Structures are given as structure tokens and as C-alpha cells.
Amino acid sequence: MSTKDQLSSLKGGFLEQRSNKELIEGILFSLPYLATFSLFLLYPLLKGGYMSLFEWNPFFPSESEFIGVQNYARMMSDGAFWNSLGNTLYFVVLTVPMIVIFSLGLALGVNRDIKGRGVLRAVFFSPYILTVSVAALIWIELYATGYGPINSYLSLTGINPPAWLQSYTWAMPAIAFMTMWWISGFSFVILLSARQSVPEYLYEAAKLDGAGSWRAFRDITLPQMRHAIFFVVIINLVWSFQIFGQPYIMTHGGPGKETETLVMYLYNVAFNQRNFGYAAALGYVLTGILVVVSFANYYLFRGNNE
Amino acid sequence: MSEKTESSYGVTALTEETIRSITIHAVMYGTAFLFLIPYAWMISSSLKTSQEALSPNPSWIPHTITFEWYIRLLTETFIVQWLINTLIIALSTTVLVLVVDSMIAFAITRLDWPGQRYILGIIIASFMVPGFVNIIPLFTLISDLGLINNYLAVVLPFAAGPIGVFLLVQFFKEIPYELQEAAQLDGFSTFRIYLQIILPLSKSVLTALGLFIFVWSWNQFLWPLIVLQQEKAYTLPIGIVTVRNTYTYQPALVMASAMIASVPLFLVFLAVQDKLISAVEMQGVT
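Residues numbered from 1 in each chain as written. Chains lettered and ligands numbered in written order. Predicted model: local features only at pLDDT ≥ 70, side-chain atom pairs only at ≥ 80, totals over all residues.

**Side note on the overall build of chain A**
Right, so step 1: Looking only at helices and strands, one finds 14 helices and two strands in chain A.
Right, so step 2: Computed over its C-alpha atoms, the radius of gyration of chain A comes to 25 Å, more than 25% above the 19 Å expected for a compact globule of 306 residues.
Right, so step 3: Here the C-alpha coordinates of chain A stretch approximately 75 × 65 × 35 Å along the principal axes.
Right, so step 4: Out of the 306 residues belonging to chain A, those deemed buried represent 38%.
Right, so step 5: Within chain A, contacts between residues separated by at least 24 positions form 69% of all contacts whose residues are at least 6 apart in sequence. (Helix = DSSP H or I, 4+ residues; strand = E, 2+ residues; numbered from the N terminus. Rg over C-alpha atoms; globule rule 2.2 N^0.38 Å. Buried ≥ 20, exposed ≤ 12 C-beta atoms within 10 Å, placed from the backbone. Contact = placed C-beta atoms within 7 Å.)

In C-alpha cells:
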């Protein structure tokens, strides 16, 4: 808005003659984006809604049968869907708070007077640049029974360790822990940068007022960093809801269907069962869930801070 | 910092401060050490013999170092082809995103025309659409276009990315309009203003964004898994997972494949980590 005003006032008299030319140029410069956007995002988005109303025939689309909202109704009684939804929520609950708190702790630690801050920052950030396959393959070996180091060392202490990724109890927490190592770096960098832009005089003033470090944390650090924390919570929520690679590679959704997540289920429905219509409906519902969760968070945070 | 403490609180405060500082150092470096363990395991396992890699007594420095697994990967699998595929896909995605996003960001911030406000609104709204809602219809589209197993299948759908536009709009806005005015008076065409004024002034943000896109594209998993179905067309992230299924109970070979898939990115990271980190920081600011 302000950009536009600024631009208009600067241009003054030129504006009238130029507007037509700028309209054409504006369209031309936007065209590559708008074209790819329409073809690969907007069109599939609409077509997905359309497909979700059909018993879609992937080989002969024209022979697809219109079934109305039956794909959506089917979800209600589809145990595998509810199972994957439950597993996804469990993963979200395990990871999001843990990642946010852990990366906030790292950020506050690195922000202190500490030697080798640059090295620490690089170390904590580094797993984030790995592809999910590399991270998952490494952790398969770390968790392995028989030769994996985690179980070898636990055995030494006399504990009888579980077969992490084959255990009904431990498979999901094990994936969550690996995920924390893998992606905390992103949140850490954002929180560190937010912490560094909190003006130091606030802390000095608090100190003069006799505030302890806990009060300084509660009354200065947290409120000053709330935008960054909000961003980090949202982005981790969105990522966690879309978890796919880790269970796909590490457990294939097992043991049983204990780690089959929503996106995995959608993938299986589409590419193993070839039920495109139902998969498209699942995608829509998933998006709906995400939008609701994001907005709920937005209002929650706003309510807390204003 | 410590000097000030000393003068105002005396010696006891100083020692308290010292203990505190030692604790923080210990905790932070301890955590950093734990962070590095998975790398150490990957590197050391990839150099172990099959027997040692499966030994119940973990060793961090292999007794006998062997490059057998790297050689087998290079000769028996398509891993070099996967590396080339990944590189081509990541590079072309990066270039395409930078061109397409910077053009529309230019149109939004630098040109005065009625579309700009709506377009920015649409782009912000498209943030809300998570990738997977589209994978089914997008797959049918890509397959109708005959692009299955083609590089373009992994590149084109990501040309229009809202994050890039958002970052560039923020940055372009701050470039003084006087520069543009002066250039216009000198007879610069709009395209020249874009190419010779705005882009060079935005080098830092373009590099950071480009690096981020490169890493992101290199690491993609779900979408390439769907549209790249021939072994020769795989990218590294897909390929190394299939390697593990082919060579069962060869952890050393699997770790060697993970090394090959991650070392190029690590080199990029070491060379330009500040830029990459600032690309992440910028996302937090927007």
C-alpha cells in the first residue's frame, strides 16, 4: 500500500501517460509466474476437488463414475484413515513442543557470551541441509538392533533396549527424536536471530529493577520474541502434519500400521490402490485440517499477546 | 560484561558468573557433540568391512579401512547418474525460481498498475495450500503432458513459489525509487531497470534465496518418488533408499551411499553457510 503511494507521489505528472505502458509491462513481468502458478497450482487444486467427487479411473479418466460426496462419506467409516490421522496427531504432539522448546533452549544458549558461537550455530543448523533419506538411513543404523551403537551402549549399562523401529511403543517416538535432530536447526536459526534483535537495554533496565533471570525471560525474552516463536510453531505444525519420508523409509508405516501417517496413507491409496478419487478427497480434508490448525494457532497467539 | 559484574558485585559474583559460564559452555558443547555423532557414525561405517559394520561392539574408527563400498556403488549402481540428475534438477529449479519470482516481485513493487495488489493477495493465499493436496491431480497433469521420468516433472511445478516472491517483494520495496527515476530520465527501458539496476542491487537476497531453493530442491523426496519411476531417472534421495532395499544387511554400503548423497551439500554449506543461514533468517522476518 505505502509502496504504491510512494511511487505515485514520486512519479507525479508522469503517472497519467505512463499508466497504460506500465499496465502492459506489469502483465508481461507477471506472466511467467502467473502461467506456471495457474497450470501447476491453481488448475490441479480445482481438478483435485473435481476428482474427489468421482470413482476416478486412472487409466481411462473419461470412464470415471460420478459418486458425489461418497469419497468424503467413506472417510467416516474408514478405520485406516482414522488410524493414520491418530498417528499423525501423535507425531505432531511428540515433535512440535519438543522442537520449539529445544531450539529455543539452543538459541538462548548460543546467544550468551560463549566461545565459538559461529561453530555451534553451524553444528546445530547442519542436519537441516540433509535430505530426509540421508537422515533416515543414518538413524536406521543408529537404532539398529544387534549392531547399532545406541543399543550396544544401552546393553552395556544393563538395560535391555527395545528394537526401536519395530516396537509398537517406541517406533513413533524414535522417529520423532530423529526428526528433532534433523529439523530443529531451522527453528533454532530463526529464534537465535530473533533473540539477537531484542534490545539489550531492556535487560539492563530489568537488572537495575532487580529482576532475576527467570523474570527477565518471562517478561522480556518471551514477549519480545513472540512473532518468531509463533512462526516457528506454525511452520513446525505444518511440517509435522505432512510427515512422510521418515516413516516411509524407516518403518514402512509399521509395525502393523502404527506409524502410517496421513500423507503416507494418501500415497498408498493413490499409488498402491490406484484410488485417485479417494486420495484427492483425502488431500482436501488434510488441507482443511491444516488451515483450521493454523488459524486456531493464530488466534490463540493473538489472544495471548494483545 | 564480566568486568562490570566485578566492579558492582565484587568477587563472589564473579565466581558465580564463572561457574555459570562453564556450565553453559559444557551444556552447549555437550549438545553439539551429540549432534555430530550421527555424522561420525555415517563416515566411520561407510569405511568399515562388512563384518565390522555388523559387529555388536561399536567402533568409531574402523580397524581396517576399506573403500570397497564406494567402489561398488560407483560401479554397480546408477549413483553417478542420480548425482547428475539431482544436480541438473536442483540447478534448473534454482535458476527458474529466481527468474520467475524476481520478475513478478519487480512487477509488484516497481511498476504502477492495478493488478499488483490482487496478485500479492493471491500469492499470500497460496501459502496456505500444502503441497500434498495437489499431488494426485498434478500427477495426472504431468502424466498427460508426457513428463513422467522427465527432469521437467520435478522442476516446472515449483517455478511459482510464494516464499521467493515474498522475500523479494520485501527487499525490492526498500530500494530507493530515485534510482529508478534517474534511470528512466536517462532513457532506460523497464527491462533494463530490472536487469541492470534492481537485480544487481539485490545480489545478496538473490544468492540467499537461490541457495535455499537449491538445497530444498536437492532434498525433495515425495514428489520425485511419484514422478520419477525409472531407476535411471531417480534423484539421489530416491536412489539411495532403493539401494538399501537391494543390498540388505549391508549397513556399510548404505552409509557410503548416504555419504555420496550428502557430501556435495555439505561442501556447499561449508562454503556459504552464512548466506544459507541468512536465507532462513529472512523467512523468520517476513
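After that view of the structure, there is still more to cover.
**With respect to the overall build of chain B**
Right, so step 1: Counting secondary structure elements, chain B contains 15 helices and zero strands.
Right, so step 2: Relative to the globule expectation of 19 Å for 286 residues, the C-alpha radius of gyration of chain B, 25 Å, shows a markedly less compact shape.
Right, so step 3: When the backbone C-alpha atoms are referred to their principal axes, chain B occupies close to 75 × 75 × 35 Å.
Right, so step 4: A burial count over chain B gives 41% of its 286 residues as buried.
Right, so step 5: Long-range contacts, defined here as pairs at least 24 residues apart, represent 73% of the contacts in chain B between residues at least 6 apart.

**Topic: the nonpolar core**
Right, so step 1: Core analysis: the largest hydrophobic core is formed by 155 residues, its most contacted members being L191 of chain A together with A258 of chain B.
Right, so step 2: The residues that make up this core include at least three from each of domain 1 (2-69) and domain 2 (75-285) of chain B.
Right, so step 3: Setting aside anything within four residues of it in sequence, one finds L191 of chain A in contact with S103, L104, A107, M225, A228 and V232 of chain A. (Core = buried A, V, L, I, M, F, W, Y, C linked by C-beta atoms within 7 Å. Domains from an automatic or database assignment.)

**Quick notes on the domain arrangement of chain B**
All names here are of chain B.
Right, so step 1: As assigned here, chain B comprises domain 1 (2-69) and domain 2 (75-285).
Right, so step 2: One C-alpha centre belongs to domain 1, the other to domain 2, and the line joining them spans 34 Å.
Right, so step 3: Listed by partner, the interface residues are nine residues for domain 1 and eight residues for domain 2.
Right, so step 4: Counting only elements with at least two residues in the side of domain 1 that touches domain 2, the list comes to α2 (11-46) and α3 (50-53).
Right, so step 5: It is α2 that contributes the most residues to the side of domain 1 that touches domain 2, four residues altogether.

**Quick word on the interface of chain B and chain A**
Right, so step 1: Each side of the interface is counted separately: chain B has 76 residues, and chain A has 81 residues.
Right, so step 2: Here the residues of the side of chain B that touches chain A sort into 54 nonpolar, 16 polar and six charged. (Nonpolar A, V, L, I, M, F, W, Y, C, P; charged D, E, K, R; others polar.)

**Points about the packing of helix α5 (residues 79-110) of chain B against helix α12 (residues 203-219) of chain B**
All names here are of chain B.
Right, so step 1: Where α5 meets α12, the closest approach of the two axes is 8 Å, and the angle between their N-to-C directions is 140 degrees. Relative to α12, α5 is oriented oblique. The handedness of the crossing between α5 and α12 is right-handed. From α5, T86, I89, A90, T93, T94, V97, L98 and S102 reach across to α12, where they touch L206, L209, G210, I213, F214, S217 and W218.
Right, so step 2: When its residues are assigned to classes, the contact of α5 with α12 shows nine nonpolar, six polar and no charged. (Axes fitted to C-alpha atoms, helices over the stretch in contact; angles between N-to-C directions. Parallel < 35°, antiparallel > 145°, perpendicular 65-115°, else oblique. Left-handed = near helix turned anticlockwise from the far one by under 90°.)

**Quick look at the environment of L106 of chain A**
Residue and element names in this part refer to chain A.
Right, so step 1: By the element assignment, L106 lies in helix α4 (residues 79-111).
Right, so step 2: The class for L106 is buried, based on 27 C-beta atoms found within 10 Å.
Right, so step 3: When the C-alpha positions of L106 and S62 are compared, they lie 55 Å apart, and in sequence the two are 44 residues distant.

**Examining the environment of S30 of chain A**
Right, so step 1: Looking at the secondary structure, you find S30 of chain A in helix α2 (residues 14-51).
Right, so step 2: Once residues lying within four places of it in the same chain are set aside, the contact partners of S30 of chain A are I104, A107, G115 and I119 of chain B.

**With respect to the confidence of the model for chain B**
Close inspection of predicted coordinates is inappropriate in any region flagged by low pLDDT.
All names here are of chain B.
Right, so step 1: Residues at a pLDDT of 70 or more form 93% of chain B, whose mean pLDDT is 86.
Right, so step 2: Across residues 1-8, confidence stays below pLDDT 50; counting only partners more than four residues off in sequence or on other chains, it has seven contacts.
Right, so step 3: Reported confidences for the modelled complex are a pTM of 0.87 and an ipTM of 0.87. (pLDDT = per-residue confidence, 0-100.)

**Describing unusual backbone geometry**
Right, so step 1: Of note, the bond from G254 of chain A into P255 of chain A is cis; its omega dihedral lies within 30 degrees of zero at -5 degrees.
Right, so step 2: Tracing the chain through its elements places P255 of chain A in the loop between α12 (245-250) and α13 (262-271).
Right, so step 3: The backbone phi angle of H252 of chain A is positive, close to 55 degrees, even though this residue is not glycine.
Right, so step 4: Turning to its location among the elements, H252 of chain A is positioned in the loop between α12 and α13.
Right, so step 5: Classification of H252 of chain A as partly exposed rests on a count of 13 C-beta atoms within 10 Å.
Right, so step 6: Although it is not a glycine, Y249 of chain B adopts a positive phi angle of roughly 55 degrees.
Right, so step 7: When you line up the elements, Y249 of chain B lands in the loop between α14 (236-246) and α15 (251-285).
Right, so step 8: Given 13 C-beta atoms within 10 Å, Y249 of chain B falls into the partly exposed group.

**Some thoughts on the environment of F217 of chain A**
All names here are of chain A.
Right, so step 1: Tracing the backbone through its elements, the reader meets F217 in helix α10 (residues 213-224).
Right, so step 2: For F217, a count of 13 C-beta atoms within 10 Å corresponds to the partly exposed category.
Right, so step 3: For the pair F217 and L108, spaced 109 residues apart in sequence, the C-alpha separation works out to 9.9 Å.

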